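Next come the chains, spelled out residue by residue.
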Amino acid sequence: AELELIRAQRFESLALLAGGLSHDLRNLLQPLLLAGDTLEDYADDPRLARLGALVRDCGRRGLEMVSSMLSFARGARRAEQVRLGALLEALKLLMQGSVPRSIEMNVDIFDADVAFEGNHTELQQCLLNLCLNAIQAMPDGGHLKVETAQANLPEDFFVEGEQPAPGRYLRLSVIDTGAGMTTEVLQRLFEPFFTTKELGTGLGLLSCKRIVASHGGLMRVRSKLGEGTQFHLYLPLNPEEGVDAEPLVMESSLQGE
Ligand code: ADP
């Protein structure tokens with residue numbers, strides 16, 4: 001038991017350190033990424049433009065590593081009231097400089113004041129992971145949509161020991177018009193270290209899934225090769241924070257494959 005306590009304390013310090021470091025690193029990397037991007041666009045000398053692109057790509061890669069680190073530094077997590085508006089505004093800010101001109105990004109917030117119990121930082125990391133994946137799936141450009149809605153549980157809600165609570169859910173969707181996935185990739189998506197990218201970590205989706213599960217929620221994927229991918233997160237809303245009391249109708253777009 002003592003050993004366990006020491007382990008827990010160690011983990012907590014590590015989590016604190018990683019969390020703090022990630023935060024500082026992110027503040028350094030974001031302006032770097034923007035600066036590189038601007039240099040690439042406005043430099044008259046092509047060599048300078050290439051340098052700008054390099055700086056931007058390194059910054060972006062660094063931000064992704066910071067995201068993975070943050071997701072794993074969740075030892076000291078706190079439950080708080082998460083406001084949908086604040087969550088998505090933060091996401092937009094974090095995505096600035098990571099969305100190439102060829103990609104149109106839209107964030108739709110159905111009600112900024114919806115609030116639920118959870119962890120803002122974790123959910124932000126989760127959405128950021130999904131959005132960065134979506135962008136990487138659209139090398140030739142496309143449309144990235146972040147949608148929100150109140151929803152019922154998906155019809156296939158009993159999967160691998162998931163025990164969702166009855167009640168109302170908030171659905172957060174990240175939708176891209178990118179490459180889509182093969183059946184093989186779809187099946188292996190959440191395996192640790194599974195990646196199809198040269199520089200991937202294969203940890204992004206796994207940590208998303210863990211975050212969503214720790215909120216008592218569910219995650220569903222829908223993908224069509226050559227057409228795009230949809231990730232849907234279902235997070236339980238506390239009943240007293242729900243927006244209205246009408247029964248919710250399942251949307252047909254979510255039924256079947
Ligand atoms: P990583 O991004 O480091 O590879 P992830 O766990 O986030 O790790 O993703 C695992 C794999 O899932 C990716 O390598 C990719 O093949 C696939 N994937 C994830 N998101 C998408 C998406 N939006 N479109 C197509 N494929 C995706």
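The structure this text deals with has already been given above.
Nothing here was measured: the structure is a model prediction, and the numbers come from that model.

Calculation criteria
Residues numbered from 1 in each chain as written. Predicted model: local features only at pLDDT ≥ 70, side-chain atom pairs only at ≥ 80, totals over all residues. Helix = DSSP H or I, 4+ residues; strand = E, 2+ residues; numbered from the N terminus. Buried ≥ 20, exposed ≤ 12 C-beta atoms within 10 Å, placed from the backbone. Contact = placed C-beta atoms within 7 Å. Near = placed C-beta within 6 Å. Nonpolar A, V, L, I, M, F, W, Y, C, P; charged D, E, K, R; others polar. Expected span 1.5 Å × (residues − 1). Arc of directions from axis to C-beta. Axes fitted to C-alpha atoms, helices over the stretch in contact; angles between N-to-C directions. Left-handed = near helix turned anticlockwise from the far one by under 90°. Parallel < 35°, antiparallel > 145°, perpendicular 65-115°, else oblique. Pairing = 2+ DSSP bridges.

1. So, the overall build of the chain
Within the chain, the regular secondary structure consists of six helices and seven strands. Helices and strands appear in the chain in the N-to-C order α-α-β-α-β-β-α-β-β-α-α-β-β. Looking at the chain as a whole, 31% of its 257 residues are labelled buried. The contacts of the chain with a sequence gap of at least 6 include a subset with a gap of at least 24, amounting to 74%.

2. A word on the site of the ligand
In the neighbourhood of the ligand, 22 residues make up the surrounding shell, with Asn-133, Ala-137, Thr-195, Gly-200 and Gly-204 lying closest. The set of elements that each furnish at least two residues to the shell around the ligand consists of α4 (120–136) and α6 (204–214). Looking at the shell around the ligand, its residues break down into 10 nonpolar, 10 polar and two charged.

3. Focus on helix α3 (residues 84–95)
The end-to-end C-alpha separation of α3 is 16 Å, in line with the 16 Å expected for 12 residues at 1.5 Å each. All of the buried residues along α3 are Leu-84, Leu-87, Leu-88 and Leu-91. On an axial view of α3, the arc spanned by its buried residues comes to 85°, and they lie on one face. A positive backbone phi angle near 90° is found at Gly-97, which sits one or two residues after α3.

4. Points about the packing of α4 against α6
For the pair α4 and α6, interaxial distance at closest approach is 9 Å and the crossing angle is 145°. Once α4 is placed against α6, the crossing between them reads as left-handed. Counting all contacts with α4, which are made through Glu-122, Leu-123, Cys-126, Asn-129, Leu-130 and Asn-133, the residues of α6 involved are Gly-204, Cys-208, Ile-211 and Val-212. Residue classes in the contact of α4 with α6 are distributed as six nonpolar, three polar and one charged.

5. Brief notes about α4
In a regular helix each residue adds 1.5 Å, so 17 residues correspond to 24 Å; α4 covers 24 Å between its end C-alpha atoms and thus fits that length. With 15 of 17 residues buried, α4 lies mostly within the body of the structure.

6. What about the packing of α3 against α4?
Running from N to C, α3 and α4 cross one another at 45°; their axes reach a closest spacing of 10 Å. Taken together, the axes of α3 and α4 lie oblique to each other. The hand of the α3/α4 crossing is right-handed. Of the residues in α4, those in contact with Ala-86, Leu-87, Ala-90, Leu-91, Leu-94 and Met-95 of α3 are His-120, Leu-123, Gln-124, Leu-127, Leu-128 and Cys-131.

7. Quick notes on the sheet that holds strand β4 (residues 142–151)
Across the sheet, five strands lie side by side as β2-β4-β5-β7-β6; this open sheet has mixed pairing. Each edge of the sheet is formed by a strand with only one pairing partner; in this case those strands are β2 (103–107) and β6 (218–224). Across this sheet, the average inter-strand angle for adjacent strands is 15°, counted without regard to direction. In this sheet, strand β7 (residues 228–236) lies alongside strand β5 (residues 169–176) in antiparallel orientation, the contact comprising eight bridges. Bridge pairing in β7 links Asp-176 to Thr-229. Of the strands in this sheet, β2 and β4 are in contact with α3, which crosses β2 at around 165°.

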